[in-house]
Amino acid sequence: MNLLSKEAESAIKLLQKSGYEAYAVGGCVRDMIMGRECQDTDITTSALPEEIKEVFSSFRTVDTGIRHGTVTVIINGAPLEITTYRIEKGYSDGRHPDKVIFTPELTEDLKRRDFTVNSIAYCSEKGFIDPFAGIDDIKRKVIRCVGNPAERFTEDSLRILRGLRFSSVLGFEIEKNTAEAMRECKELLKIVSNERIFSELSKLLCGRNVREIIVSYSDILEVILPEIKGMKGFDQYNFHHIYDILNHTAAVTESIPPLPHLRFAALFHDCGKTDCFSLDEKGIGHFYSHPSVSAKKADEALLRLRSDTKTREKVVKLVKVHDTPIEESERIIKKRLRSMGDELFFDLIKLQRADTKGLAPEFHGREEHFDTLEKMAREILESEACFSLRNLKINGNDLIKEGFKGREIGTALSSALEAVIDSRIKNEKEELLSFCLKHKR
Ligand code: ATP
Ligand code: MG
């Protein structure tokens, strides 16, 4: 078991010395019990917001959500969220409580929390306060709602996605009644804001249990990701594939490193297949142009979910070229490095590597091919061999001196670069200039 941070300990002590109750609560206590590193400590207290501010009057405080009882206190540069015990009343919009009432009872505050594993309070003086047996559920690796699951999901449907996220990240099973209520209430996910869906989904996809979640809960995920509809049970009629599209997608997503842009690329890489299926006379399935159809769908999905632009652009580019084989040729690799940039090139190899993990086992053994591609690309980058305008031995100014103008300059530089990559000419100033003059248009 880990310990609370020094800052959290001293904040709790300070509140207690002033006569209030105070505990660490939520994710940090769960992570502490699991021996996981905790990102940020939330503290819950019987002190009212103004009283919290008085206790911490010699510290910098921020009124994060003072109306709802939250004050952020900065101790040694670390922000701590301190919230008054509260009860949430009425959720007529399925997203926010209509009313927040402060309460002197810790148990009342723990009752409003989503899952038992997130409803444990702790302070070093009193130990664990665990009225909903969250510690047992952590031991048994179970996600279970506090109270009646259907009621809790109807109050706030984001909890459905949070439950799937915790199951994916922590590797916990979802308890039967909780899972059933998730299914019963799944349509309510439509009222959750796209920003919150994107944030939860990014974490869910980066979890270690992501394969299981995609396979077992696709009916729920489809509500917020219509792009994956139809994947389940879609036979590919191809000897490479032992899985349907959904199971293949889940295997690929699990196999790629847990960074959001890579996991989203894996999730969407084949989503266009359901629109592109054809069967030839031998009974073999084909999915012509599925990469560009998948890329378009990925773009639409990430725009809708308000993804940051960088992530969206990377995902779309990766999906578009995921199925184009890369030859072990210096010329081809240089061209790819030039067109994609080195970071995305290495990401593409990761995606192609993961893609083979979702095939029948006899097609898994292409690791060597991908190792070779990575090694060749690293060598090209280290040798400073020329694959981009940056390391071409002439630039625009050299061409201006030779009488080139406007658009001619860019065109000539690109042609010269192509010729260098193709080994038709050397990357030497004289040779480059005479090439450009010869081809001047
Ligand atoms: P993370 O590791 O992602 O920070 P967390 O459990 O700390 O996970 P937070 O979103 O930081 O999650 O929320 C802190 C705590 O507040 C949760 O542990 C839970 O007790 C409670 N909580 C958060 N969101 C909800 C919600 N939508 N419904 C009920 N309780 C919630
Ligand atoms: Mg947290």
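Treat the numbers as computed from the prediction; the structure is a model and nothing was measured.

## Re helix α8 (residues 176-184)
Buried within α8 are the following residues: Thr178, Ala179, Ala181 and Met182. The arc that holds every buried residue of α8, seen down its axis, measures 165°, which confines them to one face. Exposed and oriented more than 90 degrees from the buried face of α8 are Lys176 and Glu184. Those residues of α8 that are buried are in contact with β10 (142-143), α6 (149-155), α7 (158-170), β11 (173-174) and α11 (218-224).

## A short note on the packing of aromatic side chains
Under the criterion given, the structure shown has six aromatic pairs. The interplanar angle of 10° and the centroid separation of 5.5 Å between the aromatic rings of Phe198 and Phe264 together place this pair among those described as stacked. Here Phe198, found in helix α9 (residues 194-205), pairs with Phe264, found in helix α13 (residues 260-268); they are 66 residues apart in sequence, far enough to count as distant. Across the pair, exposure class does not vary: Phe198 and Phe264 are buried alike. For the ring pair Phe345 and Phe346, a centre distance of 5.8 Å and an interplane angle of 80° mean the geometry is edge-to-face. Judged by relative accessible area, Phe345 falls into the buried class, the value being 0%.

## Quick look at the site of ligand 1
As a matter of local geometry, ligand 1 sits amid 13 residues, with Arg30, Asn118, Asp156, Arg159 and Arg165 nearest to it. Interatomic distance of 3.1 Å between a side-chain N/O atom of Arg113 and an oxygen atom of ligand 1. Contact with the protein chains removes 77% of the 590 Å² of surface that ligand 1 exposes when unbound. Of all the elements in the fold, those that place two or more residues in the shell around ligand 1 are α2 (27-34) and α7. Residues belonging to the shell around ligand 1 are distributed by class as follows: one nonpolar, three polar and nine charged. Structurally, the shell around ligand 1 is a two-domain feature, drawing no fewer than three residues from each of domain 1 (1-139) and domain 2 (141-224).

## Observations concerning the side chain of Arg159
Assignment of secondary structure puts Arg159 in helix α7. Overall, the relative accessible area of 6% leaves Arg159 in the buried class. Arg159 has contacts with Glu88, Tyr91, Arg112, Asp114, Phe115, Arg152 and Phe153, leaving out every residue within four places of it along the chain.

## Details of the domain arrangement of the protein
Accessible area lost when the parts come together is the quantity often used to give the size of an interface. As assigned here, the protein comprises domain 1 (1-139), domain 2 (141-224), domain 3 (229-353) and domain 4 (389-438). Each of domain 1 and domain 2 has a C-alpha centre, and the two are 23 Å apart. Facing the 22 residues of domain 1 at the interface are 23 residues of domain 2. Of the roughly 1,800 Å² buried between domain 1 and domain 2 on both sides combined, carbon and sulfur atoms contribute 54%. It is Arg95, Asp114 and Phe115 in domain 1 that bury the most area against domain 2; as a group they hold 34% of the surface buried on that side. Applying the counting criterion to the domain 1 and domain 2 interface returns two salt bridges. One salt bridge connects Asp137 with Arg144, and the closest N-O pair in it is separated by 2.9 Å. Inspection of the region where domain 1 meets domain 2 yields 14 residue pairs in polar contact (both at pLDDT 80 or more). For the side of domain 1 that touches domain 2, the element with the most residues is helix α5 (residues 134-140), which contributes three residues.

## Some points on the pattern of salt bridges
For the coordinates displayed, the defined rule picks out 40 salt bridges. Of the charged contacts, one joins Glu9 and Lys13 as a salt bridge, the two residues approaching to 3.8 Å between their closest N and O atoms. Residue Glu9 and its partner Lys13 are located together in helix α1 (residues 6-17), separated by four residues, close to a single helical turn. Lys13 sits in the partly exposed class, given a relative accessible area of 39%. Salt bridges here are not isolated pairs; linked through shared partners, they connect Arg331, Lys335, Arg338, Glu418, Asp422 and Arg424.

## As for the environment of Arg331
Structurally, the position occupied by Arg331 is in helix α16 (residues 330-340). Residues Arg331 and Asp422, spaced 91 residues apart in sequence, show a C-alpha to C-alpha distance of 6.1 Å. When neighbours within four sequence positions are excluded, Arg331 is seen to be in contact with Ile421 and Asp422.

The rules behind these values
Residues numbered from 1 in each chain as written. Chains lettered and ligands numbered in written order. Predicted model: local features only at pLDDT ≥ 70, side-chain atom pairs only at ≥ 80, totals over all residues. Heavy atoms only, no water. Buried < 20%, exposed > 50% of the residue type's maximum accessible area, 1.4 Å probe, protein only. Helix = DSSP H or I, 4+ residues; strand = E, 2+ residues; numbered from the N terminus. Arc of directions from axis to C-beta. Contact = heavy atoms within 4.5 Å. Phe/Tyr/Trp six-rings, centres within 6.5 Å; stacked < 30°, edge-to-face > 60°. Near = heavy atom within 4 Å. Polar contact = N/O pair within 3.5 Å; in protein donor to acceptor, adjacent residues only side chain to side chain. Areas by Shrake-Rupley, 256 points an atom, 1.4 Å probe, with all protein chains shown as cover. Nonpolar A, V, L, I, M, F, W, Y, C, P; charged D, E, K, R; others polar. Domains from an automatic or database assignment. Buried area = accessible area lost by both parts, 1.4 Å probe. Salt bridge = Lys/Arg side-chain N within 4 Å of Asp/Glu carboxyl O.

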